[in-house]
Number of protein chains: 2
Amino acid sequence: MSPIDPLQNAIDALACLPGVGPKSASRMVYHLLLQDRPSALKIAATLQAAVQEVGHCKKCHTLTHLDLCEICADSTRDESRLCIIETPADQAALEKTGVYKGYYFVLMGKLSPHEGIGPHDIGMANLLNLFQPIESGQNSIKEVIIATNFTAEGEVTAHVIAQALKARGVAVTRLARGIPAGSELEYVDLSTIAHAIVDRK
Amino acid sequence: MSPIDPLQNAIDALACLPGVGPKSASRMVYHLLLQDRPSALKIAATLQAAVQEVGHCKKCHTLTHLDLCEICADSTRDESRLCIIETPADQAALEKTGVYKGYYFVLMGKLSPHEGIGPHDIGMANLLNLFQPIESGQNSIKEVIIATNFTAEGEVTAHVIAQALKARGVAVTRLARGIPAGSELEYVDLSTIAHAIVDRK
C-alpha cells in the first residue's frame, strides 16, 4: 500500500490505541467504513473536541472540561478526607461503593521509572500544594487515604507519597489488604492470605 | 456525567468500535488525552479522510480510494481465475502464500439473514456483472474459486454464489478442506478429519 493510502493511514492511526494491534485496527476501520460511517465521523469530532476542551481539574488533577471537576465542585462532601487514586476508573469504583464521601486526588498514572514516569507526571507538586496551609494550621484535611493499586508500581507510588506527606505531618492511611468478599480461602493466593493474617483484627 | 461532557462523548464514540466496550473506551480516551494528544488528532483526521475518500473498487468491490484497487489495476495477473473472499484480510492471507496469481472479488462480508445482510450487501450484482459477457463468449474468467470461510455463514454464502454462477455456466471450485499443515490427527476435530477422509486423493 502506498503511504498516501487513506485506508492504511486510518488503520495505522487506530493501531496507536492501547490494546489495539494492526489486525484489530483493520477490523475497526473496515467496520466503520462498511457499516457505520456516521460513527467514524463521530469518533473524529468527539476526539477533536476532547483534545481541545479537556484539561486537568485545578484541585484533584483528574481530566475534565471544567475548571473544577464535579466532585471537587461539590461542597457537601467531607473536606477532612482526601483519597489518592491512580485513575478516574479507580475513582468510579470507589464512588460506586457509596462508603467514601471525601474528596479525591487523581494521579492519572503511577510512578514508573523504567517508563520515564516520575513525580512530575503524576502531579506530585499539585498534590503537595494542597497541604501548604497545614504549616499555618489552616488545612482542613485530617486524613489522606492512599488507594493506589496493590501492584509493584502502585506500592512504590504509595510509599513515595506517604513519605512526602508524613514529612509534612499529615495522617496517612492505606486501603486494607485481605481476603476478597465471597472468596474461598482455598482459591486465594498465598500473599493475600499472609497479609490477611498479619493485618487480622 | 452531563451529556455535554466532551470526555464522556469521546468515550461513548469509541465504544461503538467492534470489540471495544465502555471500559476499554475510557482507557483509550484517557491514554490519548494524558499521553498522546497528537495521536488523538491523527485518528480524527485520518478517519475523516478515509470516510471522505475511500469507496469500493469498481471491479472487485474491495475498499479503496482509487477507481480500481492495486490488484485489479495490475494487468500482469492471471485473468482466467477469480477468487471470491469475504474480507481484505482473507485476501491478504491468500496473497501472502504467493500461490494464487489471479484476480479477486471481495464480498466485504457474508450472507447473514438474521443480521439483515443479504445479497445486495455483499455486492452480488457487481459480482454477477463480471460474468455478463460470458453469454456472448467473451468472458476471460475460466474458473471461480470460492474462498469464503468454512463457517456456517461462509458456507451458505459459498452455496448461494456457486448456484448463481453455475446457472451462468461458470466453472466453480472451493478451497480444499482437510488436515492443517503441521497438525497431529489426535488433536484435529472430527468434522475436519471426516472431510479429509471424504476428500482424500
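Throughout this description, residue numbers start from 1 for each chain and increase along the sequence as written. Here every chain gets a letter starting at A, and every ligand a number starting at 1, in the order they are written. Per-residue local features are limited, in this predicted model, to residues with pLDDT of at least 70; the limit for side-chain atom pairs, both in listing and counting, is 80 or more; totals at the level of whole chains, interfaces and linings are taken over all residues. Side-chain figures throughout are based on the complete set of non-hydrogen atoms in the structure, without hydrogens or water.

**Quick notes on the domain arrangement of chain A**
- Annotation comment: domain bounds sourced from an automatic or database domain assignment. Considered domain by domain, chain A is made up of domain 1 (6-53) and domain 2 (63-174).
- The C-alpha centroid of domain 2 of chain A is placed 33 Å from the C-alpha centroid of domain 1 of chain A.

**Quick notes on the packing of aromatic side chains**
- The rule is short: rings of Phe, Tyr and Trp, with Trp giving its six-membered ring, pair when the centres are within 6.5 Å, and they are stacked under 30 degrees, edge-to-face over 60, tilted in between. Inspection of the entire model under this criterion finds 2 aromatic pairs over all chains.
- Between tyrosine 100 of chain A and tyrosine 104 of chain A, the ring centres sit 5.1 Å apart and the planes meet at 65°, which makes this aromatic pair edge-to-face. Considered together, tyrosine 100 of chain A and tyrosine 104 of chain A belong to a single accessibility category, that of buried residues.
- When the NZ atom of lysine or the CZ atom of arginine is within 6 Å of a ring's centre and also within 35 degrees of its normal, the charge is said to sit over that ring. Directly above the ring of tyrosine 103 of chain B sits lysine 59 of chain B, whose terminal nitrogen or CZ lies 4.1 Å from the centroid. Think of it in three bands: residues with accessible area under 20% of the maximum for their type are buried, residues over 50% are exposed, and the middle band is partly exposed, with areas taken using a 1.4 Å probe on protein chains only.

**A word on the packing of helix α2 (residues 22-35) of chain B against helix α3 (residues 37-53) of chain B**
All names here are of chain B.
- Working convention: axes come from line fits to C-alpha atoms, limited for helices to the stretch in contact. Angles between N-to-C directions cover 0 to 180 degrees. Secondary structure elements follow DSSP: runs of H or I of four or more residues count as helices, runs of E of two or more count as strands, with numbering from the N terminus. One can describe the packing of α2 onto α3 by two numbers: an axis separation of 5 Å at closest approach and a directional angle of 120°. Viewed along their axes, α2 and α3 adopt a mutual orientation that is oblique. Across the interface between the two elements, Leu32, Leu33 and Gln35 from α2 touch Arg37, Ser39, Ala40 and Ile43 from α3.
- Classification used: nonpolar for Ala, Val, Leu, Ile, Met, Phe, Trp, Tyr, Cys and Pro, charged for Asp, Glu, Lys and Arg, polar for all others including Gly. When the residues that make up the contact of α2 with α3 are grouped by side-chain class, the tally is 4 nonpolar, 2 polar and 1 charged. For this classification, under 35 degrees means roughly parallel, over 145 means roughly antiparallel, 65 to 115 means roughly perpendicular, and everything else is oblique. Note on definitions: a residue-residue contact is assigned when non-hydrogen atoms from the two residues lie within 4.5 Å.

**Remarks on the relation of the copies chain B and chain A**
- Superposing chain B onto chain A requires a rotation of 180° together with a translation of 0.1 Å along the rotation axis, leaving an RMSD of 0.1 Å. In short, the pair behaves as if placed about a two-fold rotation axis. Of every C-alpha in chain B, the one belonging to alanine 44 of chain B sits nearest the axis of rotation, 1.8 Å from it.
- Most of the interface of chain B is mirrored in chain A, where 100% of its interface residues are also at the interface. The fit set for superposing copies consists of C-alpha atoms from residues with pLDDT of at least 70 in both; the fit itself is least squares.

**Overview of the interface of chain B and chain A**
- Each side of the interface is counted separately: chain B has 43 residues, and chain A has 43 residues.
- Interface area, chain B with chain A, both sides summed: about 4,100 Å², of which 77% is carbon and sulfur.
- Take a side-chain nitrogen of Lys or Arg and a carboxyl oxygen of Asp or Glu: if they are within 4 Å of each other, that pair is a salt bridge. For the pair chain B and chain A, the number of links is 0 salt bridges.
- As used in this structure description, the phrase polar contact means that two N or O atoms lie within 3.5 Å; if the pair is within protein, one of them must be able to donate a hydrogen and the other to accept it, and residues adjacent in sequence are counted only when both atoms belong to side chains. Viewed at the interface, chain A and chain B are joined by 4 residue pairs in polar contact (both at pLDDT 80 or more).
- Those elements that place two or more of their residues in the side of chain B that touches chain A are α1 (6-14), α2, α3 and β1 (55-56) of chain B.
- The element contributing the most residues to the side of chain B that touches chain A is α3 of chain B, with 14 residues.
- Looking at the side of chain B that touches chain A residue by residue, the classes come out as 28 nonpolar, 9 polar and 6 charged. In short, buried area is how much 1.4 Å probe accessible area vanishes from two parts on joining, totalled over both.

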